[in-house]
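So the chains spell out like this:
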Amino acid sequence: MTILKNNAPVRATAVAARIAILLALLGGFLTMGPRVRAAQGGSGAPPVRFVADVPLLDCDGMPCVEARVNHGSPARLLIDTGNQASIVDTQIAKDLGLNPYKPTQPHWPDGIFRAEVPTLQIGNLTLSHVPILTMDIASMTAQNQIAHAAGTLAYSAFKDRILQLDFRAHRLRVSEILSSPAPCHGPCDHFSLITFGKHGPPIVVARGFTINGRAVTAQIDTQYSGSLLVYTAAIDKLGLANDAKGTETRTFPFTDGGVKMKFAAAREEGFDGTPLIASGAVVYFPTPGVHEPDALFDATVGLELFRNTVLTLDFHDMTVSVHKTAAAG
């Protein structure tokens with residue numbers, strides 16, 4: 001994707017980008033230090049209260065929810081853990097009275113504006129003063145660069161909350177703002193906010209994932225439809241050099257504006273000792289059109305890996321849980 005470095009557009013990332021011009025850095029969380037296995041939480045910890053518990057919808061195969069932006073009519077927003085900035089279509093933003101404006105910084109790219117959403121409602125949850133970028137999403141949709149939606153909600157919108165995507169029950173849940181540690185149930189580990197490339201924005205990168213029994217540090221991207229994409233710098237250390245020599249490819253229309261990736265069979269892909277794909281696993285490898293993260297982490301994981309799981313991201317304690325029961329298949 002293209003992000004903004006020193007207020008100028010710079011080509012930077014890999015699967016974090018589905019849109020050709022993206023994204024200014026907004027807000028920020030502290031990056032965690034070395035890996036520490038997440039605490040499971042004692043019996044005295046108060047239960048987490050989910051303010052929102054709404055249908056997790058399908059927008060061209062991508063997870064999305066129905067929301068009201070600034071008290072407008074219901075609109076679908078993509079849930080995007082692979083980006084730091086939320087986006088709303090520019091015309092929709094104008095119609096809702098959000099007053100998009102072009103910053104005065106030099107070299108700011110044409111067609112991208114800043115705005116703020118006074119209120120954004122998801123079920124019973126109301127988010128206030130949400131910073132966004134606006135751009136012509138409609139034309140990007142027409143070019144098959146982004147799924148049909150009014151915009152995206154990035155991970156930064158859920159600061160200090162738990163975001164849970166239940167792919168089994170097709171529900172999205174968002175907690176109240178947390179002020180103390182919450183239990184982390186099931187297979188659990190920590191994530192950090194690591195820049196995608198040396199000049200990219202911070203994105204969610206977790207430990208605990210595995211391929212063929214080897215540990216993988218991976219970006220969690222809910223707008224990437226594949227399973228596990230291993231970047232070039234990690235291929236040898238993960239023992240995948242022969243697999244990466246294959247020539248078969250698959251096209252991903254919403255990644256980097258549309259790219260092909262090579263793929264091969266894998267013995268296992270999992271999380272914290274639990275196989276997520278025990279049979280028929282596929283591992284993907286980049287082609288020249290895929291942006292790479294300058295060896296800052298190993299891989300990106302996406303929707304194929306999370307099928308029939310409950311993915312829980314705690315943006316207060318920086319923990320991740322991927323739970324799959326035997327009954328889920």
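Anyway, here's the lowdown on the structure attached to this text.

Considerations on the nonpolar core
With 81 residues, the main nonpolar core has Leu120, Leu172, Phe209 and Ile220 as its most contacted residues. The element that contributes the greatest number of residues to this core is strand β9 (residues 125-135), accounting for six residues. For leucine 120, the residues in contact, after removing those within four places along its chain, are Ala67, Arg68, Val69, Leu77, Leu125, Thr126, Leu127, Val130 and Leu153. Counting 12 residues, the second largest nonpolar core, distinct from the first, contains Val205, Tyr224, Phe252 and Val290.

A short note on the pairing of strand β20 (residues 274-277)
Inspection of the sheet shows strand β19 (residues 269-271) paired to β20 by three bridges, in the antiparallel sense. Residue pairing for β20: phenylalanine 271 is matched across the bridge by threonine 274. Connecting the antiparallel pair β19 and β20 is a turn made up of two residues, with aspartate 272 showing a positive phi of about 55°.

Remarks on the state of the cysteines
Across all of its chains, the model carries two disulfides by this definition. The disulfide bridge from cysteine 59 ends at cysteine 64, spanning 2.1 Å between sulfur atoms. Handedness of the cysteine 59-cysteine 64 disulfide follows from its S-S torsion of about 80°: it is right-handed. Across the pair, cysteine 64 and cysteine 59 agree in class, each one buried. There is a disulfide in this structure between cysteine 184 and cysteine 188, and the S-S distance comes to 1.7 Å. Its torsion about the S-S bond being 95°, the disulfide of cysteine 184 and cysteine 188 is classed as right-handed. Sequence-ordered numbering of the bonded cysteines in the chain gives a pairing of 1-2, 3-4.

So, how was this worked out
- Residues numbered from 1 in each chain as written.
- Predicted model: local features only at pLDDT ≥ 70, side-chain atom pairs only at ≥ 80, totals over all residues.
- Heavy atoms only, no water.
- Core = buried A, V, L, I, M, F, W, Y, C linked by side-chain atoms within 4.5 Å.
- Buried < 20%, exposed > 50% of the residue type's maximum accessible area, 1.4 Å probe, protein only.
- Helix = DSSP H or I, 4+ residues; strand = E, 2+ residues; numbered from the N terminus.
- Contact = heavy atoms within 4.5 Å.
- Pairing = 2+ DSSP bridges.
- Disulfide = S-S within 2.5 Å.

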